[in-house]
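Summary of the model geometry
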Amino acid sequence: TCGKDDFYEWDVNFPKYAIEPHHDTPFVDLGFTDAIRSDGKVRVAKLSDERCKDEPYRTYLNGITVKTDDGTEINAREAYTRCTMGRGIEKGCDASSFLDENYPDDFVRDRAIELLDRKPAGKPWFMQVNFPGPHEPIVSTSRMAASVMDRKWPDPIDNPGFMACPQQKKKWFQLKNHGKILPPQIGGRCNYGAELEHLDALMHSIVKHVEEMGELDNTIVIVAGDHGENLGDNGAIGKGMPWHASISTPLFIMGPGVGEGQVHEGPVSTLDLGGTWLDYADVANLGPGMTTASLRSILAGDITIPRRPFVSSGYEDWRAVIKEMPTSPEDPTITSYKLICWKSGKAWKHGAPRSATPFPSGAHWHLMLYDTIRDPDDFVPLDQSRPDVIAELLPLLPEGWCR
């Protein structure tokens, strides 16, 4: 594993930091044979060197001196911190001091290739590459910012003008027209797009390296996300909401035995990747308490093999269940329904579509229902019109949530 894996920090073989854990925090064996584990964007910038001693990305930046546009020498981590944590562009953060080669995702790509180059030859292998982006703070290097500057970016759902592209302001076009270099940029949907395009190129370079090793034809490649991002939809940014942009994550899979061009619209879980990897490794017996279900039959296009009957999700004040089922007693077409249980009369408003059914006054719980296939952006609430679907999904919610 390499990058921001978000696993338990105190692995007995590859702890994330060199300092000792607290006395009540035990070391455990996560099972990796090799690892270069690094931290997230904000922690690298804000936490002290003593707190995160020997964290690899921080150590890398601390050992580099860069020059600003005016030739002033500055430590690379200082430039990184000013670019990622500054309110706008500060002195020390410019096109010369904040480069692609020192970008956090580039660092992780380089570590992935390092791990590939030193893995044992002739043996099966599994590697997880954990990029810290795209994630807040949304920041682009000069090159990345310029690459998206001249394109029109779609507005967030029901929230026009929010998270506008900062480099599309008139002053930056004037700068460009005078032959000046655009400085790094922070925020905006366009710079989120720039991060995605940059990540796409980095992932391609890793896949290309596997191909050059002669192992791509026997390798399953999976691109997944750990959470979504509302990115301004309905006035909200961030994760932790049951709305489509936040609860849904990307999942792309390619390799031997995977049907080309398939699109599966039914609900699956990122947690099922573990079962999928074990299936390909011919491991039949799962550990105690594991509910992961292999996606291998879906990838092969075999719809006859039973799969996970439903997917569960949740965060703080809500829980949700998503299940494939017939549209209605009159319409056998398979769709997916999402039932949300809220326990807060305030939290539900964050990022909710205007059409969402309001939380009943004085109620302790509130149910919302949506068809995720016909209405992926949650515009059409069905909680008042489809009590039959609610009755079928309600028992699948965790005990104590709306039941």
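Being a predicted model, the structure only gives us computed values, none of them experimental.

Position of Ser142 relative to the elements: it lies in helix 5 (residues 142-147). Overall, Ser142 belongs to the buried group, its relative accessible area being 11%. Distance from Ser142 to Asp279, taken between C-alpha atoms, is 44 Å for residues 137 residues apart in sequence. Beyond its immediate sequence surroundings of up to four residues, Ser142 is in contact with Ala95, Ile181, Leu182, Pro183 and Pro184. Here the side chain of Ser142 touches Leu182 through a polar contact of 2.4 Å, landing on its backbone oxygen.

For the rest of this paragraph, the subject is the pairing of strand 12 (residues 334-342). With eight of its nine residues buried, strand 12 lies for the most part within the structure. As paired elements, strand 11 (residues 318-326) and strand 12 share nine bridges and run antiparallel to each other. Bridging from a neighbouring strand, Lys323 pairs with Tyr337 of strand 12. In this sheet, strand 13 (residues 366-371) lies alongside strand 12 in antiparallel orientation, the contact comprising six bridges.

What follows covers the side chain of Arg37. Turning to its location among the elements, Arg37 is positioned in strand 2 (residues 36-37). For Arg37, a relative accessible area of 6% translates into the label buried. A polar atom in the side chain of Arg37 sits 2.7 Å from the side chain of Asp5. Polar side-chain contacts of Arg37 include one of 2.8 Å to the backbone oxygen of Tyr8.

About the thresholds
- Residues numbered from 1 in each chain as written.
- Predicted model: local features only at pLDDT ≥ 70, side-chain atom pairs only at ≥ 80, totals over all residues.
- Heavy atoms only, no water.
- Helix = DSSP H or I, 4+ residues; strand = E, 2+ residues; numbered from the N terminus.
- Buried < 20%, exposed > 50% of the residue type's maximum accessible area, 1.4 Å probe, protein only.
- Contact = heavy atoms within 4.5 Å.
- Polar contact = N/O pair within 3.5 Å; in protein donor to acceptor, adjacent residues only side chain to side chain.
- Pairing = 2+ DSSP bridges.

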